[in-house]
Amino acid sequence: MGVWDVTVRHRDRVPPLVWDSVLPALLLLNVVTTYPARELPVAAALTAALALPLVWRRRAPFAVFAAVVAAAAVQWLADVQLPADVALLVALYTAAAHTGRRGTLLAAAVVEGGAVLACLRWASDGAFLTPFVALSATVVAAAVLGVNVRTGRAYLAAVQERAERLALHQEQQALLAVAEERARIAREVHDIVTHNLSVMVALTDAAVYAQHRSPDRATAAMLQISETGRQALTDMRRSLGVLRADEPDAERHPLPGIDRLAALADQMAAAGLPTRLEVRGGHARVPASAQLTVYRMVQEALTNTLKHAPAGTRATVLVECSAGSVGVEVSDDGPRSAAALPAAAPSSGHGIPGMRERAAAYGGTLRAGPLPGGGWGVRTRLLLGSGGTGAA
């Protein structure tokens, strides 16, 4: 810690009123110690009138300036020269530091007029120009110093306000990022749990139905349930692995993409929903986050079909990959009543709203509803140039 830091710290601890009292005290002390006794009363009174108002210059800068100017006018009329005239410069500096350009010019003009009158009366041997230039320079310097202080104070206030706004903006961005991440995790967990539980329930029902008539089919169904459960645990670890730095499953198991749709179709077929998959175009250049979005949307649409469509329903999945977009269409041929449609209770279901959010993250609009020829369809197109990496 340097000497300057110590000085600034101790100065900040002293009230401003004390600092403003130093100059008046010194001026009064100078008058008392230098002026003869016969001149002391008038000099002390005029010095007090000039200097004492400076004690309150921070609280009322314009009132103090007017009081000092009035005292200087009385001094000029009394034809008394005093060192306390420096109070005019201090009052001008304070007024310039607390007013705008017009007020500063007016105050400087008043003090400059006083400088002219002082030179006319007290200049020695008619030497007017030299003291006039010197006094004018001090007037300009006091005014410029006050303007610089005011400008610096305004700049610091603007910088502080900008820093506060930036901090608030960063805090809001952090809150938004947390909310988006929570929404992403909620969508992932919903899709994983809903899909895998629906498949496991369907397989369990099939195993119970076939355990006496076809033990082999029941065994296959139970094995499929076990595999589905393990896959669900893997997906959960991968989705929640971002919350733990020491979770290795997120790196060992890649995110599901378009290449996993065939396995998904087989899984749905094993659960009782025959699914035909058709992928058009190459998906190698589709970003991993967009492929995850496609996979989750197809998974959610097929899960809705498995839960709401009657037995014997068939589903069709069409994925069209192009250079700048990916089209997704999932449809089925099973009639469903209005009460059984997944969109019939939007307040309690999260499937279709979740799919809409995923599509919106890539600039797409989801269309879901009954088809003219019967069945249910979900269709959207993801624009790969719309980002959406964090919202997948």
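Residues numbered from 1 in each chain as written. Predicted model: local features only at pLDDT ≥ 70, side-chain atom pairs only at ≥ 80, totals over all residues. Heavy atoms only, no water.

The next thing to look at is the packing of helix α2 (residues 16-34) against helix α3 (residues 40-51). Their axes nearest at 10 Å, the elements α2 and α3 cross at an angle of 170 degrees. Classified by the interaxial angle, the pair formed by α2 and α3 is roughly antiparallel. Residue-level contacts link Pro24, Leu27, Leu28, Val31 and Val32 of α2 to Leu40, Ala43, Ala44, Thr47, Ala48 and Ala51 of α3. When its residues are assigned to classes, the contact of α2 with α3 shows 10 nonpolar, one polar and no charged. (Axes fitted to C-alpha atoms, helices over the stretch in contact; angles between N-to-C directions. Helix = DSSP H or I, 4+ residues; strand = E, 2+ residues; numbered from the N terminus. Parallel < 35°, antiparallel > 145°, perpendicular 65-115°, else oblique. Contact = heavy atoms within 4.5 Å. Nonpolar A, V, L, I, M, F, W, Y, C, P; charged D, E, K, R; others polar.)

Here we take up the confidence of the model for the protein. Averaged over all residues, the pLDDT of the protein is 80; the fraction at 70 or higher stands at 86%. Highest mean pLDDT in the protein belongs to strand β2 (residues 315-321) (93); lowest belongs to helix α9 (residues 249-252) (49). Note on residues 3-8: pLDDT under 50 across the span, and one contact to partners over four residues away in sequence or across chains. Counting interchain partners and residues more than four positions distant, the pLDDT-below-50 stretch residues 337-348 has 12 contacts. (pLDDT = per-residue confidence, 0-100.)

Turning our eyes to something else, we now look at the sheet that holds strand β3 (residues 325-332). The strand order across the open sheet formed by five strands is β1-β2-β3-β5-β4, and the pairing between neighbours is mixed. Single-partner strands in this sheet number two, and they are β1 (275-280) and β4 (367-370). In this sheet, adjacent strand axes meet at a mean angle of 10 degrees when their direction is disregarded. Pairing between β1 and β2: six bridges, direction parallel. Within β2, the residue paired with Glu278 across the bridge is Leu318. (Pairing = 2+ DSSP bridges.)

Tallied over the full model, the rule gives zero aromatic pairs. Over the face of the ring belonging to Trp76 we find Arg121, whose NZ or CZ atom lies 4.0 Å from the ring centre. (Phe/Tyr/Trp six-rings, centres within 6.5 Å; stacked < 30°, edge-to-face > 60°. Lys NZ or Arg CZ within 6 Å of the ring centre and 35° of its normal.)

Our focus in this paragraph is a nonpolar patch on the surface. A contiguous nonpolar patch, built from Trp19, Val22, Leu26 and Leu29 and spanning about 400 Å² of accessible area, is present on the exposed surface. Here Trp19 shows up in helix α2. You can call Trp19 partly exposed: its relative accessible area is 43%. (Patch = residues over 30% accessible without salt bridge, like charges linked within 9 Å, V, L, I, M, F, W, Y side chains within 5 Å. Areas by Shrake-Rupley, 256 points an atom, 1.4 Å probe, with all protein chains shown as cover. Salt bridge = Lys/Arg side-chain N within 4 Å of Asp/Glu carboxyl O. Buried < 20%, exposed > 50% of the residue type's maximum accessible area, 1.4 Å probe, protein only.)

Let's shift gears to the environment of Ala143. If you trace the backbone, Ala143 turns up in helix α7 (residues 129-210). Classification of Ala143 as buried rests on a relative accessible area of 9%. As for Ala143 and Val111, which are separated by 32 residues in sequence, their C-alpha atoms are 10.0 Å apart. Those residues in contact with Ala143 that lie beyond four places of it in its chain are Leu92, Ala96, Thr104 and Ala108.

Side chains three or four residues apart in an α-helix point the same way, a direct result of the helix having 3.6 residues per turn. Taking 1.5 Å of rise per residue, the 22 residues of helix α6 (residues 101-122) would be expected to cover 32 Å, and the 31 Å separating its terminal C-alpha atoms lies within 8% of that figure. For α6, the complete set of buried residues consists of Thr104, Ala107, Ala108, Val111, Ala115, Ala118, Cys119 and Trp122. Projection of α6 onto a plane perpendicular to its axis shows the buried side chains occupying an angular sector of 115 degrees, all on one side. For α6, the exposed residues set more than 90 degrees away from the buried face come down to Arg102, Leu105, Leu106 and Leu120. (Expected span 1.5 Å × (residues − 1). Arc of directions from axis to C-beta.)

Quick look at the pattern of salt bridges now. What the rule picks out here adds up to six salt bridges. Across the pair Glu320 and Arg280 runs a salt bridge whose closest N-O atoms are separated by 3.0 Å. With Glu320 in strand β2 and Arg280 in strand β1, this residue pair connects regions lying 40 residues apart in the sequence. Note on Glu320: relative accessible area 27%, which makes it partly exposed. Notably, a salt bridge pairs Glu329 with Arg379, separated by 3.0 Å at the nearest N-O pair. You can see Glu329 sitting in strand β3 and its partner Arg379 sitting in strand β5 (residues 376-383), a full 50 residues away along the chain. Using a relative accessible area of 40% as the deciding quantity, one classes Arg379 as partly exposed.

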